[in-house]
Amino acid sequence: MTEHQTTPSAAALLVLEDGRVFRGHSYGAQGTALGEAVFATGMTGYQETITDPSYARQLVVQTAPHIGNTGVNREDAESRRIWVAGYIVRDAARRPSNWRSERSLDDELVEQGIVGLQGVDTRAITRHLRERGAMKAGIFSGADAQRPEAELLEQVKAQAPMEGSRLAEEVSIDAAYVIDPADHGWEGEARFSIAALDLGIKSMTPQRFAERGVKVHVLPATATLQDIQALGPDGVFMSNGPGDPATADAQVGLLRDVLDARLPFFGICFGNQILGRALGFGTYKLRYGHRGINQPVMDRRTGKVEITSQNHGFAVDAPTDGATKAPEERFGRVEVSHVSLNDDVVEGLACLDIPAFSVQYHPEAAAGPHDSAYLFDRFIDLMEAERQTAGTSTGTTDAADVSKATIDAKEAK
């Protein structure tokens, strides 16, 4: 990325791998940004979107036409920095108007060196990506936009593809830290403690646990089983994150050790893909992925539909026709617990003979609906059930049964 200026009227363009070009004006920093072009359909939550580490090395196209209206603030950031490689909007707000705003989105993009593009038809770009699929792309602004298009296209094509990219370690923390329930309104002793592997974790996720009395030890993506066992946790969590799950061999191996030790496990997004691989299933790249806060998902056991927040370009390849033996047979039976109502993509896995489950979406809802908040309670119930059966030779915990019990308890209130 090159040096940036703040001239909003400078020419800028988006060059796609297939040769399609969209011309507009610079937004944020000026220079060059390379990455995979994807679209996000959320009408709100742009600050949470750009600070989601799962968007690392991606050029995000916002389908909502007006972006930046409410500015940015320190509280709504989902991580320590902006992670999108570039940002593409139709109508950028000339000035923010919100009592919580601390600065404009444009200023924040400039400050963090994020190259953007405004004044383009983002719906047209989205239709193109839906038809052709997510692809390599580049944003070029300022002096870089004056270079020949053929030269820019060659630079776009020369970048590494998302398939085969190992990015979790790039966005993860370097040192562990703790989120304490007492700092988030919980009174009394913590009910449980968990080890949370940061593969690109959003800040609201450990907060949701802490609000429920769970102490969260957030560990780097390179953490080992010994690091986890040293904490003596009641459970293990793996977060969302960027990149190709086929490259996450270290995390897959770690999770197999966790499952062998019968430590209760919960994974979301990248964590769902890691569980799928740990059980022996494959993963594959979606044509254009699921990115937005209005994705419909069905819980196949209860028949309930949840509107969910999602951000992923890969999915688990597992049979959806009921319980099946995991390819890694020592882990017993597993079933696809949730499916996408848009395209039948696997949205959740539930192990039936070991205490483990996962979902492909983001139940912390930052931003997004709160339909899936019960999943945090479900994990707490799973840890409680495993605590009660610990030490027995015949005790088993069915994650799907715990899930149904959690939902039934919520409805009874």
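Given the structure is predicted, the values throughout are model-derived calculations rather than measurements.

Attention shifts here to the overall build of the protein chain. Helix and strand content of the protein chain: 11 helices and 20 strands. Against the 2.2 N^0.38 benchmark of 22 Å for 413 residues, the protein chain shows a C-alpha radius of gyration of 22 Å, consistent with a compact globule. Expressed as a percentage of the 413 residues in the protein chain, the buried residues total 58%. Look at the contacts in the protein chain between residues 6 or more apart in sequence, and 75% of them connect residues 24 or more apart. Surface exposure of the protein chain reaches about 16600 Å², of which carbon and sulfur atoms provide 46%.

We now examine the sheet that holds strand S2 (residues 21–28). Reading around the circumference, S1-S2-S8-S6-S4-S3-S9 is the order of the 7 strands in this closed barrel, with mixed pairing throughout. Pairwise comparison of adjacent strand axes, ignoring direction, gives a mean angle of 35 degrees for this sheet.

Take the pattern of salt bridges next. A complete count under the given rule lists 21 salt bridges for this structure. A salt bridge links arginine 330 to glutamate 328, with the nearest nitrogen and oxygen atoms 3.0 Å apart. By relative accessible area, glutamate 328 is classed as partly exposed at 24%. Connected through shared salt-bridge partners, Arg256, Asp260, Glu328 and Arg330 make up one network.

You can see histidine 338 is positioned in strand S18 (residues 333–340). The exposure class of histidine 338 is buried, given its relative accessible area of 1%. Separated by 39 residues in sequence, histidine 338 and aspartate 299 place their C-alpha atoms 4.6 Å apart.

With that settled, the discussion passes to the packing of aromatic side chains. This model, assessed by the stated rule, comprises 10 aromatic pairs. Ring centres of phenylalanine 266 and phenylalanine 376 lie 6.3 Å apart, and the angle between their planes is 85 degrees; this geometry places the pair in the edge-to-face category. Taken together, the residues span a long stretch of sequence, with phenylalanine 266 in strand S14 (residues 265–268) and phenylalanine 376 in helix H10 (residues 374–389) at a distance of 110 residues. Each member of the pair, phenylalanine 266 together with phenylalanine 376, is buried. Three or more aromatic residues joined by ring pairs make a cluster, and in this case those are Phe209, Phe237, Phe266, Phe357, Phe376 and Phe379. Here lysine 285 stacks its cationic end above the ring of phenylalanine 314, 5.8 Å away from the centre of that ring. The ring of phenylalanine 357 carries arginine 378 above its face, with NZ or CZ at 3.6 Å from the centroid.

Let us look at the nonpolar core. If you look at soluble globular proteins, the nonpolar side chains tend to sit buried side by side. Core analysis: the largest hydrophobic core is formed by 37 residues, its most contacted members being Leu255, Leu259 and Leu279. Elements represented by at least two residues in this core include exactly strand S11 (192–197), helix H7 (225–231), strand S13 (235–238), helix H8 (249–260), helix H9 (270–278), S18 and strand S19 (346–351). Counting residues per element, this core draws most heavily on H8, at 5 residues. Setting aside chain neighbours within four positions, we find leucine 259 in contact with Phe265, Leu275, Ala278, Leu279, Phe331, Ile354 and Ala356. Grouped together as the second largest cluster of nonpolar side chains are 25 residues, Ile179, Ile268, Tyr374 and Leu382 included.

Here the protein chain averages 93 in pLDDT, and 92% of its residues register 70 or above. Predicted confidence for residues 1–8 stays below pLDDT 50, and this span has 25 contacts to residues more than four positions away or in other chains. When the criterion is pLDDT under 50, residues 409–413 qualifies, and its contacts beyond four places in sequence or with other chains add up to 2 contacts.

By definition, a disulfide links two cysteine residues through a covalent bond between their sulfur atoms. A full pass over the atoms with the stated rule returns 0 disulfides. Among the cysteines around cysteine 269, which has no disulfide bond, cysteine 351 carries the closest sulfur, lying 18 Å off. Accessibility expressed as a relative area gives 1% for cysteine 269, which makes it buried.

Let's shift gears to the environment of alanine 12. Within the secondary structure layout, alanine 12 lies in strand S1 (residues 11–16). Taking C-alpha positions, alanine 12 is 48 Å from isoleucine 228, a pair spaced 216 residues apart along the chain. Not counting residues up to four positions away in its chain, the partners in contact with alanine 12 are Phe22, Arg23, Gly24, His25, Ser26, Leu117, Phe140, Ser141 and Ala145.

The next thing to look at is the packing of H8 against H9. The contact between H8 and H9 brings their axes to 9 Å, and the two run at 70 degrees. Our classification of the angle between H8 and H9 gives roughly perpendicular. In contact with Asp249, Gln251, Val252, Leu255, Arg256 and Leu259 of H8, H9 contributes Ile274, Leu275, Arg277 and Ala278. The residue inventory of the contact of H8 with H9, partitioned by class, reads 6 nonpolar, 1 polar and 3 charged.

Moving on to the pairing of S18. For S18, the buried fraction is high: 7 of the 8 residues fall into the buried class. One ladder, built from 3 bridges, connects strand S15 (residues 282–299) with S18; its direction is antiparallel. Considered in S18, the bridge of valine 297 is made with serine 340. The sheet contact formed by strand S17 (residues 324–325) and S18 spans 2 bridges and is antiparallel. If you follow threonine 324 over to S18, its bridge partner there is valine 334. In sequence, S18 turns back onto S19 through a hairpin of 5 residues, with aspartate 344 there showing a positive phi of about 65 degrees.

Parameters at a glance
- Per chain, residues are indexed from 1 in the order of the written sequence.
- Where totals are concerned, whole chains, interfaces and linings use all residues; where local detail is concerned, this predicted model gives features only for residues with pLDDT of at least 70, and gives and counts side-chain atom pairs only at 80 or more.
- Excluded from the side-chain calculation are hydrogens and water; included are all heavy atoms of the structure.
- Numbered from the N terminus, helices here are DSSP runs of H or I no shorter than four residues, and strands are runs of E no shorter than two.
- For the radius of gyration, the atom set is restricted to C-alpha positions; the globular benchmark scales as 2.2 Å times the number of residues to the power 0.38.
- Any residue under 20% of the maximum accessible area for its type is buried, any over 50% is exposed, and the rest in between are partly exposed; the area is computed with a 1.4 Å probe on protein chains only.
- It only takes one pair of heavy atoms within 4.5 Å for two residues to be counted as in contact.
- For accessible areas, the Shrake-Rupley method is used with a probe of radius 1.4 Å. Any residue's cover is judged against the shown protein chains and nothing else.
- Only strands that DSSP links by at least two bridges are regarded as paired with each other.
- Angles run from 0 to 180 degrees between N-to-C directions of axes, and those axes are lines fitted to C-alpha atoms, restricted for helices to the stretch in contact.
- We count a salt bridge whenever a side-chain nitrogen from Lys or Arg sits within 4 Å of a carboxyl oxygen from Asp or Glu.
- The pairing test for Phe, Tyr and Trp rings, Trp by its six-membered ring, is centres within 6.5 Å, and the orientation test on the planes gives stacked under 30 degrees, edge-to-face over 60, and tilted for anything in between.
- To sit over a ring, a charge needs its Lys NZ or Arg CZ within 6 Å of the ring centre and within 35 degrees of the ring normal.
- Definition used in this section: a nonpolar core is a set of buried Ala, Val, Leu, Ile, Met, Phe, Trp, Tyr and Cys residues joined via side-chain atoms within 4.5 Å.
- By definition, pLDDT measures how confident the predictor is in each residue, and it falls between 0 and 100.
- The disulfide criterion used throughout: a pair of cysteine sulfur atoms within 2.5 Å.
- Every angle not falling under 35 degrees, over 145, or within 65 to 115 is termed oblique; those three ranges are roughly parallel, roughly antiparallel and roughly perpendicular.
- Each residue gets one label: Ala, Val, Leu, Ile, Met, Phe, Trp, Tyr, Cys and Pro are nonpolar, Asp, Glu, Lys and Arg are charged, and the others, such as Gly, are polar.

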